[in-house]
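Chain residues, written in single-letter form:
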Amino acid sequence: MNPIRSALARALLSPKPRPPRARHYATSSTGGATQPESVAAEMVRYALGGARPGSSPDEAMRILEQGASNLQGGGEGCGEAVGMLMLAMSTLLYRSGRRQEAMEKLKATNQVAPAAFRVAAWEATMGLCMEAGQVINTSVSPDDLVDLSIKDDNIKWSDQGHLKCRVNAIKGLIALLNGETESAQLFFDGCKDLCAGVGNKQTENAVLSYCEYLHCVGDFPLATQMYERVLEALTMEDMSGNFLAACNMVPEEVSLGATCSYGQLLSHSGKFSEAEDYLTRALKKAEDQFGANHPKVGIVLTCVARMYKLKAKAEGSSSIMVQEVSKYLIPVLLALLSISRNYNGLVPLIFSFNDETIHGLYRKALEVLRAPAINSEGVSKQMDWRDIISLARGEYAELLLIQSNRKAEGERMKEWAEHAWRNSRLTLAQALEFSGPSKPTVVDTRIGRVM
């Protein structure tokens, strides 16, 4: 049977279609999922469920496009159903590496979808702009369609509050990137009470941004509490049932981001064993979601390398003895050292982790990030993952500079990193030097930026 017809048939013919939880998207008068919404939900699950690394997204895109075409202009629930399908299409384009096309699809969503979907489309658009390294003014506001959606009389007051929270959290994240910490505080002050209710109304993404703000300003106790809350909420989340998010703001990205950022916080707190655990989980999530050679794997590897480097510095040692290395991280480290051994389970192991191993992590991260050659021209031109590549190169350069036989190479690498660095909140020297909690470096895997 044609895949499109098959997806439609499964939703329409089932005597008791499985509606996603109403809190994710329902705006109908009954407060539950209408038949068009259930049909669209089935199609989204089918399309995005098959859009995994190595598979062609063409069939999935055809299913979503056909569904949107069939449902446009229908009755109750069709607007919400089209909104679900449009957001899913943008996510599919983003996962295929077609960021600009994803942004165009999000723009189109604003023209046809109701209320909450326009907020989700704006949130995802800002996420992609931040990932692309675009400079965004802190006065950025959703367009008139989104402003109207937040005041829509058809939306319950509680839902309006959560939509405003999502908008304020994105503005706060932008302010952080711009180095405007006081402005960020104002935005997050406007939503921190709702953030305390994490797990309701798709606030996990907003709460993660709030966590990173707390982390950046050095409020480690509250940041710890909020990271743990959002991670707990995400474990309870039916990620296949959340249709009010798109692109790098979907729950899977939030889960990866929260896991990696919490690992960084633990590292900054000197809890290196726990930090390794969470960063290892983040590495596995990144590989499972995107594939072993995706740039987001390189982002997490950079965080892993930074953790081990900070551990070595804290212990005043040029080498690290790692006990109880996780079963997942061991093969990664051994592959970097060109050692062929198999380990099963969590094994008690004394693993000699020296400078050369950390070199290997940075080399692998830069390779996966597709960093341009040191001697290549055009460093000032548009470059994906600029923050992370510059940070990784700067970290790697510091390791080379202490080796007399590689000092010249380290100097060239440091010069390149300094020239490429564009962060507004931190200088490269500040990002490389963690001397306390007042101004830590936080890597956000959602947008691939240094906070």
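Rules used throughout
Residues numbered from 1 in each chain as written. Predicted model: local features only at pLDDT ≥ 70, side-chain atom pairs only at ≥ 80, totals over all residues. Heavy atoms only, no water. Helix = DSSP H or I, 4+ residues; strand = E, 2+ residues; numbered from the N terminus. Buried < 20%, exposed > 50% of the residue type's maximum accessible area, 1.4 Å probe, protein only. Expected span 1.5 Å × (residues − 1). Arc of directions from axis to C-beta. Polar contact = N/O pair within 3.5 Å; in protein donor to acceptor, adjacent residues only side chain to side chain.

Per an unreviewed UniProt entry, the chain is named MalT-like TPR region domain-containing protein, and its organism is Oryza nivara.

Draft legend 1. Representation of unusual backbone geometry within the structure. Its identity as a non-glycine residue notwithstanding, C247 has a phi of 55 degrees, on the positive side. Looking at the secondary structure, you find C247 in the loop between α12 (220-236) and α13 (251-268). Note on C247: relative accessible area 2%, which makes it buried. Notably, W385 is not glycine yet its phi reads approximately 60 degrees, a positive angle. Secondary-structure assignment places W385 in the loop between α17 (355-368) and α18 (386-401).

Draft legend 2. Structural view of α12. The first and last C-alpha atoms of α12 sit 24 Å apart over 17 residues, in line with the 24 Å expected at 1.5 Å per residue. Regarding α12, the residues found buried are F220, A223, M226, Y227, V230, L231, A233 and L234. Down the axis of α12, the buried side of the element spans an arc of 160 degrees, and every buried residue falls inside it. The exposed set on the far side of α12, more than 90 degrees from its buried face, consists of P221, E232, T235 and M236. Capping the start of α12 is the job of one residue whose side-chain oxygen sits 3.3 Å from the backbone nitrogen of L222: D219.

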